[in-house]
Amino acid sequence: MVAEFVGEAISWRGPAPFVFVPVPPEMSVDIKTISNRVTYGWGVIPVTVTIGETVFTTSLFPRGEIYLVPVKVAVQRAEGVEVGDMVHVRFEIEIGC
C-alpha cells in the first residue's frame, strides 16, 4: 500500500517532544482495514517514508481514529521541517502474504 498526502506538522509531547504529521482520516480508515495484517504489536505499523529527498523507516502510531507519521530529528533538520509546516509525505506499507 502506497499513500501520499500533505499535512501540517504537529508537536505531541510524550517523554520527549516529537514532531508528527497526522494521516488524513480517510486514509487512516484504509490503513485500519489492513492493520491486523501489518502491525507488529500495540497497533504500530512499520512504514518506509519519503519527505522531500529523505527516505527513512519508522512506524505509524495509532492516535484515536487516525495515525501519526513520526518525523525523526535527522529528517526535520535535513528537510527543514518545523511544527506548523505543511509537509508532503509519501509512505509505503508492505503487506505480507
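Residues numbered from 1 in each chain as written. Predicted model: local features only at pLDDT ≥ 70, side-chain atom pairs only at ≥ 80, totals over all residues. Heavy atoms only, no water.

## Concerning the overall build of the chain
Next, step 1: The helix and strand inventory of the chain stands at two helices and seven strands.
Next, step 2: Secondary structure elements in the chain, listed N-terminal to C-terminal, are β-β-β-α-β-β-β-α-β.
Next, step 3: What you see for the chain is a C-alpha radius of gyration of 13 Å, in line with the 13 Å of a compact globule of 97 residues.
Next, step 4: Across its three principal directions, the C-alpha atoms of the chain cover 35 × 30 × 20 Å.
Next, step 5: Relative to its 97 residues, the chain shows a buried fraction of 38%.
Next, step 6: By sequence separation, contacts in the chain at least 24 residues apart represent 60% of the contacts at least 6 residues apart.
Next, step 7: On the chain, roughly 5,800 Å² of surface is accessible, and the fraction owed to carbon and sulfur atoms is 56%.
Next, step 8: Averaging the locations of the 7 positively and 11 negatively charged side chains of the chain gives two centres separated by 9 Å. (Helix = DSSP H or I, 4+ residues; strand = E, 2+ residues; numbered from the N terminus. Rg over C-alpha atoms; globule rule 2.2 N^0.38 Å. Buried < 20%, exposed > 50% of the residue type's maximum accessible area, 1.4 Å probe, protein only. Contact = heavy atoms within 4.5 Å. Areas by Shrake-Rupley, 256 points an atom, 1.4 Å probe, with all protein chains shown as cover. Lys, Arg positive; Asp, Glu negative; His and termini not counted. Charge placed at Lys NZ, Arg CZ, Asp CG, Glu CD.)

## What to know about the pairing of strand E7 (residues 86-92)
Next, step 1: Burial along E7 is one-sided: the residues Val87, Val89 and Phe91 are buried and none of Met86, His88, Arg90 and Glu92 is.
Next, step 2: When strand E1 (residues 2-8) meets E7, the two strands line up antiparallel, connected through seven bridges. The partner of Val2 across the bridge, within E7, is Glu92.
Next, step 3: Where strand E4 (residues 45-51) and E7 come together, three bridges link them in antiparallel fashion. When the sheet's bridge partners are listed, Thr50 is paired in E7 with Arg90. (Pairing = 2+ DSSP bridges.)

## Digging into helix H1 (residues 25-38)
Next, step 1: Taking 1.5 Å as the rise per residue, H1 with 14 residues should run 20 Å; its terminal C-alpha atoms sit 19 Å apart, in good agreement.
Next, step 2: Along its length, H1 reaches its greatest deviation from straightness, about 40°, at Lys32.
Next, step 3: When we look at burial in H1, the residues that qualify are Met27, Ser28, Ile31, Ile34, Ser35 and Val38.
Next, step 4: Considering only its buried residues, H1 is in contact with E1, E4, strand E5 (54-63), strand E6 (66-70) and E7. (Expected span 1.5 Å × (residues − 1). Bend = angle between axes of the 7 residues up to and from the residue.)

## Here we look at the environment of Val55
Next, step 1: In this structure, Val55 sits in strand E5.
Next, step 2: Once residues within four sequence positions are removed from consideration, Val55 is found in contact with Thr48, Val49 and Thr50.

## Observations concerning the confidence of the model for the chain
Next, step 1: Mean pLDDT over the chain works out to 92, with 94% of the residues at or above the 70 mark.
Next, step 2: Within the chain, the lowest mean pLDDT, 85, falls on strand E2 (residues 10-13), and the highest, 98, falls on E7. (pLDDT = per-residue confidence, 0-100.)

## Structural notes on the pattern of salt bridges
Pairing between side chains of opposite charge can happen when their charged atoms approach one another.
Next, step 1: Evaluation of the coordinates by the stated rule reveals one salt bridge.
Next, step 2: A salt bridge links Glu4 to Arg90, with the nearest nitrogen and oxygen atoms 4.0 Å apart. Here the residue Glu4 occupies a position in strand E1, and Arg90 occupies one in strand E7, the gap between them amounting to 86 residues.
Next, step 3: Judged by relative accessible area, which is 42%, Glu4 ranks as partly exposed. (Salt bridge = Lys/Arg side-chain N within 4 Å of Asp/Glu carboxyl O.)

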